[in-house]
Amino acid sequence: MNAFMPPTRLLMGPGPSNVAPEVLAAQARSTIGHLDPDFTQLMELIKEQLRLAFRTVNRITFPLSAPASLAMEMALVTLLEPGDKAVVAQNGVFGGRMADIARRAGAEVRLVSCEWGRPVDLDAVRAAIRESPEAKLLAFVHAETSTGAWSDAAALCEMAREAGMLSIVDTVTGLGGIPVLVGEWQADVVYSGTQKCLSAPPGLAPITFSERAVATAKTRKSPIQSWFLDLNLMLGYWDGEGGRSYHHTAPVNALYGLHESLTRLLGEGLETTWARHLAAHEWLAERLQELGFVFVVEKEFRLPQLNTVWLPEHMEDAPVRRRLLDEFGIEIGGGLGPLAGRIWRIGLMGETCRIENVNRLADAIATILPQRSRATTLRCNQIERTLNCG
Ligand code: PLP
């Protein structure tokens, strides 16, 4: 059998994003034991780097050995017990997943269905909280990857806090691309993934818990139903002072990569990174609008790192994306769920987020896009703009 040699790709979809050669080189270094004192030192370093990236002093901040879906699951199953009530906002695919997990954890979910392509509706959440005063938590997605909408995490966390509720924030697509201010928001559980704006390979999920969240986990009436996701057991591994007890075998080399990617992020500086994402997004918007594309999300709520545009009339989704991949080596994403076949999702995340990449994509689209589509784009978008995906 020959070794698998991946083709060269420019990853401009919803993740994974391109990974810097330095990160890949770090991952290729020799594996050491996961309880080796040198490795436990690296674990401490990564925890500190994640605190800086999340802008928090939360002691319990670590990368979960799993994709971000499991961090979502960990956040919910840690705080919720059977019979608890939870308010979950949904303005896209991922909010729906949070609600599903909360229900599976035995909670009674008050779902706040918001229009897809718009941020979480603050008034609707306020009303839901008023109607469910005994709810234990509010969960929402900060950066909804399925639509490209940016929600006001500060306001939502404040609403939860004022109602005496905990907050869970999914910022899988947010961290490293836009401000994620866990300390300032006083959010309780916040998680992300490595494959988006952190530009490390997929498979790890940074997560952080406030003291209130940790205390909630420690004083549960029932044990957390998932052994692997039981925070109390996990802490013996990630938070064991001096000695660490075996919980699972951490993905040693993946953590070398994460350390390198965080070093790059913090070296550039968070503010500079956020500005780079914004500048590339603005240039992409200009180039795409010139070609006749219309954005799904209103300007003020757009995520710079995840751009969604309506597909022009007469343009088939999959074949055109396939041409971009085959002829230009560029991957972009299609729509999810009810938006499948109707939108494109264009990622400008982390390493990928460079003006030259924006130009490469826009030039490639201009080559492929039939003239007929350009002329009819606006008309088709005016007809299709109403999103009814709730
Ligand atoms: N939450 C959001 C907002 C996401 O965009 C994703 C992945 O795209 C996830 C959760 C799940 O992440 P993963 O695919 O790493 O499990």
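Quick notes on the rules
- Residues numbered from 1 in each chain as written.
- Predicted model: local features only at pLDDT ≥ 70, side-chain atom pairs only at ≥ 80, totals over all residues.
- Heavy atoms only, no water.
- Domains from an automatic or database assignment.
- Contact = heavy atoms within 4.5 Å.
- Buried area = accessible area lost by both parts, 1.4 Å probe.
- Salt bridge = Lys/Arg side-chain N within 4 Å of Asp/Glu carboxyl O.
- Polar contact = N/O pair within 3.5 Å; in protein donor to acceptor, adjacent residues only side chain to side chain.
- Helix = DSSP H or I, 4+ residues; strand = E, 2+ residues; numbered from the N terminus.
- Nonpolar A, V, L, I, M, F, W, Y, C, P; charged D, E, K, R; others polar.
- Phe/Tyr/Trp six-rings, centres within 6.5 Å; stacked < 30°, edge-to-face > 60°.
- Near = heavy atom within 4 Å.
- Areas by Shrake-Rupley, 256 points an atom, 1.4 Å probe, with all protein chains shown as cover.

Chemist: Just checking my understanding: could you explain the domain arrangement of the chain for this structure?
Modeler: Looking at the chain, the domain boundaries give domain 1 (21-266) and domain 2 (269-380). One C-alpha centre belongs to domain 1, the other to domain 2, and the line joining them spans 28 Å. Contact residues are listed per partner, giving 31 residues for domain 1 and 24 residues for domain 2. Here domain 1 meets domain 2 over a buried area of about 2200 Å², counting both sides, of which 63% is carbon and sulfur. Area buried by domain 1 at its contact with domain 2 is led by Arg 55, Gly 148 and Trp 150, which between them contribute 19% of it. Run the count over domain 1 and domain 2 and you get three salt bridges. For Arg 55, the salt bridge identified is with Glu 271, shortest N-O distance 3.3 Å. Put simply, domain 1 and domain 2 have 12 residue pairs in polar contact (both at pLDDT 80 or more) between them. Only helix H2 (37-54), helix H4 (93-104), strand E6 (143-144), strand E7 (149-150) and helix H10 (252-268) provide two or more residues apiece to the side of domain 1 that touches domain 2. With three residues, H10 is the largest single contributor of residues to the side of domain 1 that touches domain 2. A per-class count over the side of domain 1 that touches domain 2 returns 16 nonpolar, 10 polar and five charged.

Chemist: Please clarify how the packing of aromatic side chains should be interpreted in this entry.
Modeler: Two measures describe an aromatic ring pair: the distance that separates the ring centres and the angle between the ring planes. Scanning the entire structure with this criterion turns up four aromatic pairs. Among the aromatic residues, ring-to-ring pairing joins Phe 62, Phe 209, Tyr 237 and Trp 238 into one connected group.

Chemist: Looking at this model, I keep getting lost on the site of the ligand. Mind explaining?
Modeler: Around the ligand, a shell composed of 13 residues is seen, among which Ser 69, Thr 145, Asp 170, Gln 195 and Lys 196 lie nearest. Ala 68 has a polar backbone atom sitting 3.0 Å from an oxygen atom of the ligand. The separation between an oxygen atom of the ligand and a polar side-chain atom of Ser 69 is 2.5 Å. Notes on the ligand: free accessible area 390 Å², of which the protein chains cover 85%. Tallying contributions element by element places helix H3 (residues 68-79) first for the shell around the ligand, with three residues. Broken down by class, the residue content of the shell around the ligand amounts to seven nonpolar, four polar and two charged.

Chemist: What am I meant to see in the environment of Leu 175 here?
Modeler: Its location among the elements puts Leu 175 in the loop between strand E8 (166-170) and helix H7 (182-185). Distance in space between the C-alpha atoms of Leu 175 and Val 19 is 16 Å, their sequence separation being 156 residues. Not counting the four nearest positions on each side in its chain, Leu 175 is found in contact with Ala 53, Phe 54, Val 180, Ser 192, Cys 197 and Leu 198.

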